[in-house]
Amino acid sequence: MTGTFDEDDDRVSRHQFFFPSEFLHSKNAMCSSARMIASCPTIIDHAIIICHKDRASFYKSTRKIRRTTDRIWSALFSDSSSERDGGSTQSCCVAGDGYFVGEDLSKEDSSDSAAICKRMCSEFGPCSSITNGVPGVAVSKFSAGDGRGIASFASKEEMSVVDTMFFDLDSVTKECIDLTTVDMMQKVLSMRMQSESGKGTKNSIVHLRSATMYRILTSIKTTLNNGVSEGTTYVSDNQLEKYLKSCQGESDETFNTPSSTCSNSVIRRLRASKGAANCPLTIYPSRFIELPSCSPSSNGNDREAVRAVEICRFYNYDAERGCLRAKKAKLNSKVKGCDMDHDHCHRCGGRHRAFECDVVDNTQDDDNLSSVVFRKTPNGGIVSLPFHGHSSGPDSLQYATSRPALLVLGGRLRGRTLATCEMLPLLSSSSNDGNEHNWTPLPNLCEHRGSHAACSPIGSGLAFVLGGGTADGNSDAVETLNFSSTQNDAYGIDSNTEWQWRWHTMAGKLSSPRHAFGAVTCVSSKKDTMTSASIFAVGGWKYGSVSCESMERLSFEYNSESEDASNKHLVDSEWLHNHARWELCAPLKLPRRLHSVATNTDGTSIFVFGGFIDERRTTNSIERYDINSDKWSSLDELPYGEYNCPLVQAVADQESFLIFPYSAKQDNGNKAPLVLRYTPGSDKLFSQIPVPNDDSQQLRLPISNWHSFSATSSTSLNKAYLVGGTINGKWTNRSFELDLDTLEWKELPLMTFCRRRLAT
């Protein structure tokens, strides 16, 4: 991996410099990097490797590729090369060929790779596949040719031909970054990143997508700079090799990383709005400490008289500032403080802070142990157990699978993205078991999510959470929670243990990371007791700047009517989580985000209402998707004017839909906005809804100035539910139930957490 020497030349033949992607946006970083690189030995060719942590950053770097290449090369080498050449005032640089390394473009789920290759074709020239000796890696070359400026140089000695490569490492390897992975990357680079004979030196700029490599570079930089933001801006290939050998135990020399004990290390929240990778919420998983509960156990079991409280990561790892929210609350009694624990270590659960702890933390390498709860033992010790949500007990699980329940999943709370979930058991209007049911904690999501989507096929015993915005940007991951206790054996879980229940991440991902989209389910009986279900993900906000017209479908079968209780809710879990894949459907006619998606009552059509088509423009349009023919058609328009933002939530009610407006621009003074009934194909498309027993009053939202709530409905109970959001600009934990038979509102018990941009 390091530079090698030629027998006939005493200069280094290849030297590599690794930069995080924030380097592209900082002129100071480029200048300081140029001074550091100028001190390196004389080099035949350079490889500048820019590491991107997510797809959004990787995709954005494909805009104006040749101009970006010229800017990077000129900033790094124009001055340094003139000093080494002894008089040349500016290095001669011209963009050479382009390369893309990643997954096979013939695969159905390679839409992102195809989009990048399309941009590279327009920048460089025609594409051709290249045979390479690395299994599972496809290399495409985009030939610039001599007509792009190379032939304009008088002599090849004056040239600095710079090839550009986009290397999607995350798409070709899902394993951790080690020496084997880096050797594979080096083999690809040395094989193809070189100019043809007669076109100058073998220089290259590589855009690498690898979330793990990005974190490694951040850790090495933090160590080299002693925990402060100033200092070296890049990591050399020698430093990377030394770090990886130290991690694998192949070197006697220890490379001190930020995970080692270092009381001087400072991890700041968001350095210059570009350092999200240095935020404790990104680097460290959520962890909890069991503390005595305020209320005694209802069944006399002392084991349940505890509550799990999340440990504050800012207090534990930001040695300079600590938890700013707690400090502000001490100075101003009107400011809400931090409700997390500030007395225990995030690493071991002891009575100190994490940066003072000398315990080696090995649990972050194990996905199942990344989120743990610390429990105090009778002898005064502390043990850590996998944390998959607050203990709800087998009674809650049995209740949820036998009766309808309202699920609230994730969301946003005052700048925080939540992973917490909770459930409210529901009752029909005619039934009453004598108990007032409250919200019950569910297992935490694997990822903190906001502006995501959720759905649950009727009778499947499964809940799905899709995409959304996370701490690392948009997500394309899908998680499932199985309420059927018979499925625990599929995961090797003991159904009698307290920690039996958790979310599982599916191997099949959405076609692209996105948030602010909708998801619905359609179920149909197939034969015998088997039920066929399809989940549809519609539209969204792609890469944080593009409204998406994509529509995709996940189909599977389950047994919902078996007389044998052991086969109830039987789903092929191994196939669903490891082999099920999303299939692209016909795209929307108009891209949109923050829209509403609902199915009609017979499950044959999907309707999409309103939303944003770009960053500012909204649309009133309604589209209908025919599931059998896989075709979209434009229908009607929502009855909102140009200045009344058409953001609504819709639920099906027999042959019509109830439209709940939730934008601030739809407020009408102190009156709550009207709820409308939309009946497709009728003479009167939109109508106001009279309140029973009072024809002079129309149905409105239960409270005014209520925005950004989530809506869902229960077909078995014939009720609609509006949950969370903001009231008068403040996050709320209120929720309401609308009986679709009597059209009466009923307020539900308060949720444990206030939240908006949640999924229900």
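Residues numbered from 1 in each chain as written. Predicted model: local features only at pLDDT ≥ 70, side-chain atom pairs only at ≥ 80, totals over all residues. Heavy atoms only, no water.

1. Some remarks on the overall build of the protein chain
Counting secondary structure elements, the protein chain contains 13 helices and 48 strands. Looking at the protein chain as a whole, 53% of its 760 residues qualify as buried. Within the protein chain, residue pairs in contact and separated by at least 24 positions form 63% of the contacts whose partners lie at least 6 positions apart. Counting only carbon and sulfur atoms, one obtains 46% of the accessible surface of the protein chain, whose full area is about 34900 Å². (Helix = DSSP H or I, 4+ residues; strand = E, 2+ residues; numbered from the N terminus. Buried < 20%, exposed > 50% of the residue type's maximum accessible area, 1.4 Å probe, protein only. Contact = heavy atoms within 4.5 Å. Areas by Shrake-Rupley, 256 points an atom, 1.4 Å probe, with all protein chains shown as cover.)

2. Points about a positive patch on the surface
A surface patch of like charges, here positive, comprises Lys60, Arg63, Lys64, Arg67 and Arg71. In this fold, Arg67 is placed in helix 3 (residues 65–85). Among the residues examined, Arg67 registers a relative accessible area of 56% and is labelled exposed. (Patch = residues over 30% accessible without salt bridge, like charges linked within 9 Å, V, L, I, M, F, W, Y side chains within 5 Å. Salt bridge = Lys/Arg side-chain N within 4 Å of Asp/Glu carboxyl O. Lys, Arg positive; Asp, Glu negative; His and termini not counted. Charge placed at Lys NZ, Arg CZ, Asp CG, Glu CD.)

3. Details of the sheet that holds strand 38 (residues 676–678)
Taken together, the four strands give an open sheet; going across it, the order is 36-37-38-39, and neighbouring strands pair in antiparallel fashion. Edge positions in the sheet fall to strand 36 (648–653) and strand 39 (686–688), since each has one partner strand and no second. Direction aside, the axes of adjacent strands within the sheet are offset by 30° on average. In this structure, strand 36 lies alongside strand 37 (residues 656–661), joined through six bridges in antiparallel fashion. Bridging across to strand 37, Ala650 finds its partner in Ile659. (Pairing = 2+ DSSP bridges. Axes fitted to C-alpha atoms, helices over the stretch in contact; angles between N-to-C directions.)

4. Details of the pairing of strand 33 (residues 605–609)
Here strand 33 lies mainly inside the structure; five of its five residues are buried. With burial as the criterion, each face of strand 33 is covered, one bearing Ser605, Phe607 and Phe609 and the other bearing Ile606 and Val608. Looking at chain direction, strand 32 (residues 596–599) and strand 33 are connected through four bridges and run antiparallel. Its bridge partner lying in strand 33, Val597 is registered against Val608. The hairpin turn running from strand 32 into strand 33, its antiparallel successor, is five residues long, and Gly603 in that turn takes a positive phi close to 70°. Relative to strand 34 (residues 621–626), strand 33 runs antiparallel, the two sharing five bridges. Note that in strand 34 the partner of Ile606 across the bridge is Tyr625.

5. Here's the deal with the nonpolar core
Core analysis: the largest hydrophobic core is formed by 29 residues, its most contacted members being Met165, Phe167, Met185, Val188, Leu208, Met213 and Leu240. Elements that contribute at least two residues to this core include exactly strand 4 (46–52), strand 5 (94–102), strand 8 (161–167), helix 6 (179–192), strand 9 (203–209), helix 7 (211–224) and helix 8 (237–248). Looking at this core element by element, the count peaks at six residues for helix 6. In terms of nonpolar packing, the next biggest core, distinct from the first, is built from 26 residues, Leu594, Phe660, Ile689 and Phe709 among them. (Core = buried A, V, L, I, M, F, W, Y, C linked by side-chain atoms within 4.5 Å.)

6. Describing the pattern of salt bridges
Two side chains bearing opposite charge may form a pair once their charged atoms approach each other closely. By the definition in use, this model includes 18 salt bridges. In this structure, Glu623 engages Arg592 in a salt bridge whose closest nitrogen and oxygen atoms are separated by 2.7 Å. Pair noted here: Glu623 is in strand 34 and Arg592 is in the loop between strand 31 (583–584) and strand 32, with a separation of 31 residues, a long-range link. Look at Arg592 and you get buried, because its relative accessible area is 0%. The salt bridge involving Glu747 is made with Arg734; its shortest N-O contact spans 2.8 Å. Taken together, the residues span a long stretch of sequence, with Glu747 in strand 48 (residues 744–747) and Arg734 in the loop between strand 46 (730–731) and strand 47 (735–739) at a distance of 13 residues. If you follow the salt bridges from partner to partner, you end up with Asp168, Asp170 and Arg209 in one network.

7. What to know about the sheet that holds strand 15 (residues 405–413)
Read from one edge of the open sheet, three strands run 15-16-17, paired in antiparallel fashion. Both edges of this open sheet fall to strand 15 and strand 17 (440–442), since each of them pairs with a single strand only. The average angle at which neighbouring strand axes cross in this sheet is 35°, direction not considered. When strand 15 meets strand 16 (residues 416–425), the two strands line up antiparallel, connected through eight bridges. Paired with Leu409 across the bridge in strand 16 is Cys421.

8. Here's the deal with the state of the cysteines
The full count for this structure, using the stated rule, is zero disulfides. Cys357 forms no disulfide, and the closest cysteine sulfur to it belongs to Cys348, at a distance of 3.8 Å. On the basis of relative accessible area, Cys357 is assigned to the buried category, the value being 1%. (Disulfide = S-S within 2.5 Å.)

9. Remarks on the pairing of strand 13 (residues 372–376)
Taking burial as the measure, the five residues of strand 13 include four buried ones, the bulk of the element. Alignment of strand 11 (residues 288–292) against strand 13, held across two bridges, turns out to be parallel. Residue pairing across strands places Phe288 opposite Val373, the latter belonging to strand 13.

10. Quick look at the packing of aromatic side chains
Tallied over the full model, the rule gives 15 aromatic pairs. A ring pair is formed by Phe607 and Phe609, whose centres lie 6.5 Å apart and whose planes are at 20°; its orientation type is stacked. Between the aromatic rings of Phe660 and Trp745, the centroid separation amounts to 6.2 Å while the plane-to-plane angle is 65°, which identifies the pairing as edge-to-face. One end of the pair, Phe660, is in strand 37; the other, Trp745, is in strand 48, with 85 residues separating them in the sequence. Judged by relative accessible area, which is 0%, Phe660 ranks as buried. For Trp745, a relative accessible area of 23% puts it in the partly exposed group. (Phe/Tyr/Trp six-rings, centres within 6.5 Å; stacked < 30°, edge-to-face > 60°.)

11. With respect to the environment of Asp636
With respect to the secondary-structure elements, Asp636 resides in strand 35 (residues 631–637). A sequence separation of 42 residues divides Asp636 from Tyr678, and the C-alpha atoms of the two residues are 9.9 Å apart. When near neighbours in sequence (up to four residues on either side) are disregarded, Asp636 contacts Asn620, Ser621, Ile622, Tyr678 and Leu685. Within polar-contact distance, the side chain of Asp636 engages the side chain of Tyr678 at 2.6 Å. (Polar contact = N/O pair within 3.5 Å; in protein donor to acceptor, adjacent residues only side chain to side chain.)

12. As for the environment of Met185
Relative to the elements of secondary structure, Met185 occurs in helix 6. Each C-alpha atom, one on Met185 and one on Leu169, is 8.2 Å from the other, the two residues being 16 residues apart in sequence. Excluding residues that lie within four positions of it along the chain, Met185 makes contacts with Phe18, Phe167, Leu208 and Met213.

13. Notes on unusual backbone geometry
With phi around 55°, Ser451 is a residue other than glycine that occupies positive phi space. Looking at where Ser451 falls in the secondary structure, it is placed in the loop between strand 17 and strand 18 (453–455). Take Ser451: its relative accessible area is 11%, and that puts it in the buried class. One non-glycine residue, Ala516, lies in positive phi territory at about 60°. If you trace the backbone, Ala516 turns up in the loop between strand 24 (514–515) and strand 25 (518–527). Accessibility expressed as a relative area gives 9% for Ala516, which makes it buried.

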